[in-house]
Structures are given as C-alpha cells and as structure tokens.
Number of protein chains: 2
Amino acid sequence: MGTKQFSGLPEDADLARADSLAREIFADVANKWAFLIIEFLGERTLRFSELRDEVEGISHKMLTQNLRMLERNGLVERDVHPTVPPRVEYTLTEAGQALRATVDGMCGWTRQYLGHIESSRDRFDA
Amino acid sequence: MGTKQFSGLPEDADLARADSLAREIFADVANKWAFLIIEFLGERTLRFSELRDEVEGISHKMLTQNLRMLERNGLVERDVHPTVPPRVEYTLTEAGQALRATVDGMCGWTRQYLGHIESSRDRFDA
DNA sequence: CTGTATCCACTAGGATACTG
DNA sequence: CAGTATCCTAGTGGATACAG
C-alpha cells in the first residue's frame, strides 16, 4: 500500500515513525504477564485483587506496572469506584479484545504442541 | 476432556505438570526477540548473520541465546554446513510455522490499532 | 562466519512499609 | 482495597575478546 513518490521524504519519515512505534508496542505487550492479564480479562471484568489471585505468581508491583502499561496503550480500561474501601475494575477495550484473539491463539498453540515441545527439550538437553 | 476420577491423583498430577510446562513455554516464547525472529524466519530460511541484520538492534548474544531457546523448544531447526567459513541456517519447524500464524496476527493487530494506541498514549501521558 | 566466555553496568522485580 | 515509594539483590543483556 502507499506507492512511494520519487523523493518520498514525508512518507518515508512516516513509515519510520510507524515502524518504531510498532516496535515499542511489541516490546511493551509481548511479555508473559501482559499476555496472562489479557487472557484473564478476556473472560470478564476483574478487580485488582481478583487479578492478583488469578494470575498466579505475579507480584503486587508487576501487576500495577503492567496494568498501567496496558491502560496507557488503550488495551485496558480502569474504572475507579470512589467507595471505601476503593473498588477498581479492569476491563478489556475493543483493542484489547482484538489482541486477546491472538493471545488465545497462542494458548491453543501451546496446548497443541505441548508434547512436541517436551520431547524436543528432552532430546536437546541430552 | 478427561473426566476426573473420584480420587484422581494421577490425572491431577498430569494436569499440574502440563500447566507448569505451558507456563514455562509461555515465558520462554512470549518475548519480543523471539517473536521478531519467528516473524523473519517465517518468510524464509536465514543464516545467523542475515538474521542479525534483519532483526535490527539485536545483539550477538541475544540472537544466539534466543535461537538456542527456540531450537530447544523445537520451533527452529539448525542446519550446520561444515564448510569454511561455517554456514549455519535456521528454519522454522512445523510447530514454529504454526506459532508464526499467531505472531502474524499480532503484527496485523499492531498495524490495525496503531492510531488508537498512539492517541491513547497521548491522552494518558497528559 | 558462527559461537562461547568473561566482565560489568544496569534494571527488573521481589519484599516491605506506608498513604488515601 | 488499591496504589506508591524505597530498598536491595539476582539476573539481563551489552561490549569485548577469543576459538573453531
């Protein structure tokens, strides 16, 4: 798409910007905690503490950090109910739901190739 | 799948093992370098040095490290041609190709939501 | 060319304590 | 309950040098 002009300066610049942005997003989102969070939020809206229980092994700090990152990138919506004690709910946005399809795909892939991977590891480690 | 028996000890143990293995695989593969490598290898077989050129910004060390990891998990096949100088080619296995579909999905997702994400970031950072 | 090893700076991330 | 801040350690990852 976008046939390049003869000198093409503005378009090249735009492409470079988009590329580096895409890189950044990739680096942000392609990590195990983000994937797990997205996976759980895909099923339903969850509170902070519920998420911490579901995503086994995640620390308080990592959870807030990843949630902020996902919120910043517009994948997660944060709803604060000003009650006492406070109640904060996290929901996937449309963009988040769309990405969830990808994450689901990877979960399915893992299940499908579990055996293959396990035997490959055994072979390699020998 | 797999209806649980009354005491169900072996099956529970198996499920737990499979789960923790899946976690491990997730942690291995869900990282930006692995994804980028898989993406490039999806198009064609590449040599070590070609990969280093394609995957911009990756260090020598990270590249070997990730390639070993992918080989160990059976996603990438490593072919050594005993010439001088040596020539080593990396190819996606069937499992690797299958995962590539997922990675592709994520690339597409990034392109599709680039605008949404960028504006969300701007809003958040303000 | 491909790969390993060593060194070193840096940051990721856990534990803890404290606020609203 | 949710979130921030501080400290501190273990591991990540870059640069470099060297070997096959």
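Residues numbered from 1 in each chain as written. Chains lettered and ligands numbered in written order. Predicted model: local features only at pLDDT ≥ 70, side-chain atom pairs only at ≥ 80, totals over all residues. Heavy atoms only, no water.

All names here are of chain A. Compared with an ideal rise of 1.5 Å per residue, which puts 12 residues at 16 Å, helix 2 (residues 32-43) spans 18 Å between its outermost C-alpha atoms and is within 8% of the ideal. Counted residue by residue, helix 2 has nine buried out of 12 residues, so it is predominantly covered. Regarding helix 2, the residues found buried are Trp33, Ala34, Phe35, Leu36, Ile37, Ile38, Glu39, Leu41 and Gly42. Between a side-chain oxygen at the N-terminus of helix 2 and the backbone nitrogen of Trp33 the separation is 2.8 Å; the capping residue is Asn31. (Helix = DSSP H or I, 4+ residues; strand = E, 2+ residues; numbered from the N terminus. Expected span 1.5 Å × (residues − 1). Buried < 20%, exposed > 50% of the residue type's maximum accessible area, 1.4 Å probe, protein only. Polar contact = N/O pair within 3.5 Å; in protein donor to acceptor, adjacent residues only side chain to side chain.)

The immediate surroundings of DNA strand C are formed by 14 residues, with A:Ser59, A:Lys61, B:Ser49, B:His60 and B:Arg78 found nearest. By atom count, sugar and phosphate contribute 62% of the portion of DNA strand C lying within 4 Å of the protein. Within the side chain of B:Arg68, one N or O atom sits 3.3 Å away from a phosphate oxygen of DNA strand C. Elements represented by at least two residues in the surface near DNA strand C include exactly helix 4 (60-72) of chain A together with helix 3 (48-54), helix 4 (60-72) and strand 3 (87-92) of chain B. (Near = heavy atom within 4 Å.)

Next up on the list: the interface of chain B and chain A. Note on interface size: it is often stated as the accessible area lost on association of the parts. Of the residues lining the interface, 46 residues belong to chain B; the matching set on chain A comes to 45 residues. For the pair chain B and chain A, the summed buried surface comes to about 4,300 Å²; carbon and sulfur atoms form 66% of the total. By the criterion of area lost to chain A, the three top residues of chain B are B:Phe26, B:Arg72 and B:Arg121, representing 19% of everything that side buries. For the pair chain B and chain A, the interface holds six salt bridges. Between A:Arg121 and B:Glu24 there is a salt bridge, with the nearest N and O atoms lying 2.6 Å from each other. (Contact = heavy atoms within 4.5 Å. Buried area = accessible area lost by both parts, 1.4 Å probe. Salt bridge = Lys/Arg side-chain N within 4 Å of Asp/Glu carboxyl O.)

A rotation about an axis combined with a shift along that same axis relates the two copies of the chain. With an RMSD of 0.1 Å, the fit of chain B onto chain A corresponds to turning through 180° and sliding 0.0 Å along the axis. Here the copies are linked by what is in effect a two-fold axis. Interface overlap between copies: 98% of the residues of chain B at the interface are likewise at the interface in chain A, consistent with a symmetric, same-surface contact. (Least-squares fit on C-alpha atoms with pLDDT ≥ 70 in both.)

Here the structure, examined in full by the defined rule, presents 10 salt bridges over all chains. Among the salt bridges present, the one from B:Arg121 reaches A:Asp28, with a minimum N-O distance of 3.5 Å. Remark: A:Asp28 occurs in helix 1 (residues 9-29) and B:Arg121 occurs in helix 5 (residues 94-125); the pair is interchain, linking two chains. In this structure A:Asp28 comes out as partly exposed when scored by relative accessible area, which is 24%.

Residue and element names in this part refer to chain A. Running from N to C, helix 2 and helix 4 point in directions that differ by 75°, and their axes come no closer than 10 Å. Our classification of the angle between helix 2 and helix 4 gives roughly perpendicular. Contact with helix 2, carried on its side by Trp33, Ala34, Ile37 and Ile38, involves Met62, Leu63, Asn66, Leu67, Met69 and Leu70 of helix 4 and no other residues of that element. (Axes fitted to C-alpha atoms, helices over the stretch in contact; angles between N-to-C directions. Parallel < 35°, antiparallel > 145°, perpendicular 65-115°, else oblique.)

Following the UniProt record, the feature "domain: HTH hxlR-type" (unreviewed entry) maps to residues 18-118 of chain A here. In residues 18-118 of chain A, helix accounts for 68% and strand for 14%; the two terminal C-alpha atoms are 38 Å from one another. (UniProt positions renumbered as here; feature names shortened; annotations may be inferred.)

On any regular strand, side chains alternate: one points to one face of the sheet, the next to the other face. Direction of pairing for strand 2 (residues 76-81) of chain B relative to strand 3 of chain B: antiparallel, over a ladder of six bridges. Within the sheet, the bridge partner assigned to B:Arg78 lies in strand 3 of chain B and is B:Tyr90. (Pairing = 2+ DSSP bridges.)

Residues and elements named next belong to chain B. Reading across from one edge, 1-3-2 is the order of the three strands in this open sheet, with antiparallel pairing throughout. For this open sheet the edge positions go to strand 1 (46-47) and strand 2, each flanked by a neighbour on one side alone. Direction of pairing for strand 1 relative to strand 3: antiparallel, over a ladder of two bridges. The residue of strand 3 that forms the bridge with Leu46 is Tyr90.

Attention now goes to the protein's contact with DNA strand D. Taken together, 14 residues sit near DNA strand D, with A:Ser49, A:His60, A:Arg78, B:Ser59 and B:Lys61 positioned nearest. Close to the protein, within 4 Å, the atoms of DNA strand D belong to sugar or phosphate groups at a rate of 63%. Separating a phosphate oxygen of DNA strand D from a side-chain N or O atom of A:Arg68 is a distance of 3.2 Å. A distance of 2.6 Å separates a base oxygen of DNA strand D from a polar atom in the side chain of B:Lys61. Among the secondary structure elements, those contributing two or more residues to the surface near DNA strand D are helix 3 (48-54), helix 4 and strand 3 (87-92) of chain A together with helix 4 of chain B.

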